[in-house]
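Listed below are the residues making up each chain.
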Amino acid sequence: MHSTSYIIRFTLIMTVIVAAVLSLMVSGLKDIHTENESVDNKKGILSAVATQLGKEVNTLSNSEVQRYSNHKSFRKLSTAKVKN
């Protein structure tokens, strides 16, 4: 069997390694995450007018969502205030 100090050292070393890997992954994937979040928000807006699109919003690719979001009527829709 291993001693208690060996187990504690092993646990600390593994914790530091895993924390470093996770930190690098988060910072490396930040741009992709931000873009995906933006596309998801735009899909939510497009789903409100899905009957006008003639397509299912969930089947749209990211480039199609970006193309729709660049249209001037989308910009009016996304900045409109909701009435209670």
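Before reading on, note that the structure itself is shown above.
Because the structure is predicted, anything quoted here is derived from the model rather than measured.

In terms of helices and strands, the chain carries five helices and zero strands. Seen in sequence order, the chain has helices and strands lined up from the N terminus as α-α-α-α-α. Every one of the 84 residues in the chain was classed for burial, and the buried ones make up 11%. Excluding contacts between residues fewer than 6 apart, the proportion of contacts in the chain whose partners are at least 24 apart in sequence is 35%. Accessible area for the chain stands at about 7200 Å²; split by element, carbon and sulfur atoms hold 62% of it.

Two elements in contact, helix α2 (residues 30–47) and helix α4 (residues 62–69), have axes separated by 10 Å at closest approach and are oriented at 60°. Classified by the angle their axes make, α2 and α4 are oblique. By crossing handedness, the relation of α2 to α4 is classed as left-handed. Seen from α2, the contacting residues are N36, V39, K42, K43 and L46; seen from α4, they are N62, V65, Q66, Y68 and S69. Here the residues of the contact of α2 with α4 are counted per class, giving four nonpolar, four polar and two charged.

Our focus in this paragraph is the side chain of E64. Looking at the element boundaries, E64 is found in helix α4. With residues up to four places along the chain from it excluded, the contact list for E64 reads K55 and T59.

What follows concerns the environment of L60. Structurally, the position occupied by L60 is in the loop between α3 (50–53) and α4. Sequence-wise, L60 and K43 are 17 residues apart; in three dimensions their C-alpha atoms are separated by 8.5 Å. Residue contacts for L60: discarding those within four places in its chain leaves K43, L46, L53, K55, V65 and Y68.

Rules used throughout
- Residues numbered from 1 in each chain as written.
- Predicted model: local features only at pLDDT ≥ 70, side-chain atom pairs only at ≥ 80, totals over all residues.
- Heavy atoms only, no water.
- Helix = DSSP H or I, 4+ residues; strand = E, 2+ residues; numbered from the N terminus.
- Buried < 20%, exposed > 50% of the residue type's maximum accessible area, 1.4 Å probe, protein only.
- Contact = heavy atoms within 4.5 Å.
- Areas by Shrake-Rupley, 256 points an atom, 1.4 Å probe, with all protein chains shown as cover.
- Axes fitted to C-alpha atoms, helices over the stretch in contact; angles between N-to-C directions.
- Parallel < 35°, antiparallel > 145°, perpendicular 65-115°, else oblique.
- Left-handed = near helix turned anticlockwise from the far one by under 90°.
- Nonpolar A, V, L, I, M, F, W, Y, C, P; charged D, E, K, R; others polar.

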